[in-house]
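Close look at the chain arrangement
Each chain, written out:
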Amino acid sequence: MSKKKAGTAVPETIEETAVSDTPTTPTPVGQPRNIIGAATEHMRLAAAMLRSKGGAHAEPCAFVAAELERRVDQLEKLNE
């Protein structure tokens, strides 16, 4: 018969680790507060850049910009 070593046995109780609240620092003006805010800001900048394109690719760029803005609106609704 095999015997279990004392060091490999699973303890009967598991100690919970203490989680302390991390101090929050104020967000500078103009910077997003969370990851969704950062994503929407980045997507709006990309849409503005695409809208400024001209020439032969102006129409497809405008289409993609409109799609990006539609997705931004959806993200903002989910974030509320």
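Now for a quick tour of the structure. For every chain, the first residue of the written sequence is number 1, and numbering continues from 1 onward in sequence order. Residue-level local features of this predicted model are given only where pLDDT is at least 70; pairs of side-chain atoms are given and counted only at 80 or more, and the full residue set underlies all totals for whole chains, interfaces and linings. Only heavy atoms go into the side-chain values, all of them from the structure, while hydrogens and water stay out.

**Notes on helix α2 (residues 58-79)**
The helix and strand labels rest on DSSP assignments: H or I over at least four residues marks a helix, E over at least two residues marks a strand, and numbering proceeds from the N terminus. In this analysis, the expected span of each helix is defined as 1.5 Å times one less than the number of residues it contains. The terminal C-alpha atoms of α2 lie 31 Å apart, and with 22 residues this matches the ideal 32 Å at 1.5 Å per residue to within 8%. Buried means the residue's accessible area, taken with a 1.4 Å probe over protein chains only, is under 20% of the maximum for its type, while exposed means over 50%, and partly exposed covers the values in between. What α2 keeps buried is the set Cys61, Ala65 and Val72. Viewed along the axis of α2, the buried residues span an arc of 40°, placing them on a single side of the element. The outward face of α2, more than 90 degrees from its buried face, is lined by the exposed residues Glu59, Phe63, Lys77 and Leu78. Arc definition: it is the arc formed by the directions from the helix axis to the C-beta atoms.

**Here we look at the environment of His42**
Looking at the secondary structure, you find His42 in helix α1 (residues 35-51). A relative accessible area of 56% places His42 in the exposed class. As for His42 and Val72, which are separated by 30 residues in sequence, their C-alpha atoms are 9.6 Å apart.

**Remarks on the packing of α1 against α2**
Axis definition: a line fitted to C-alpha atoms, limited for helices to the stretch in contact. Angles are taken between N-to-C directions and run from 0 to 180 degrees. The contact between α1 and α2 brings their axes to 8 Å, and the two run at 160°. Comparing the axis directions of α1 and α2 gives the class roughly antiparallel. Seen from above, α1 lies across α2 with left-handed handedness. Residues are grouped as follows: Ala, Val, Leu, Ile, Met, Phe, Trp, Tyr, Cys and Pro are nonpolar; Asp, Glu, Lys and Arg are charged; all remaining types, including Gly, are polar. Its residues assigned to classes, the contact of α1 with α2 comprises 13 nonpolar, two polar and six charged. By definition in this entry, angles of less than 35 degrees are roughly parallel, angles greater than 145 are roughly antiparallel, angles of 65 to 115 are roughly perpendicular, and the rest are oblique. Crossings are classed by handedness, with left-handed meaning an anticlockwise turn of the near helix from the far one by less than a right angle and right-handed meaning a clockwise turn.

**Structural notes on the pattern of salt bridges**
Definition used for salt bridges: Asp or Glu carboxyl oxygen within 4 Å of a side-chain nitrogen of Lys or Arg. Counted according to the given criterion, the structure contains four salt bridges. The salt bridge partner of Glu76 is Arg44, with a shortest N-O separation of 3.2 Å. One end of the pair, Glu76, is in helix α2; the other, Arg44, is in helix α1, with 32 residues separating them in the sequence. Residue class for Arg44 comes out partly exposed when judged on its relative accessible area of 34%.

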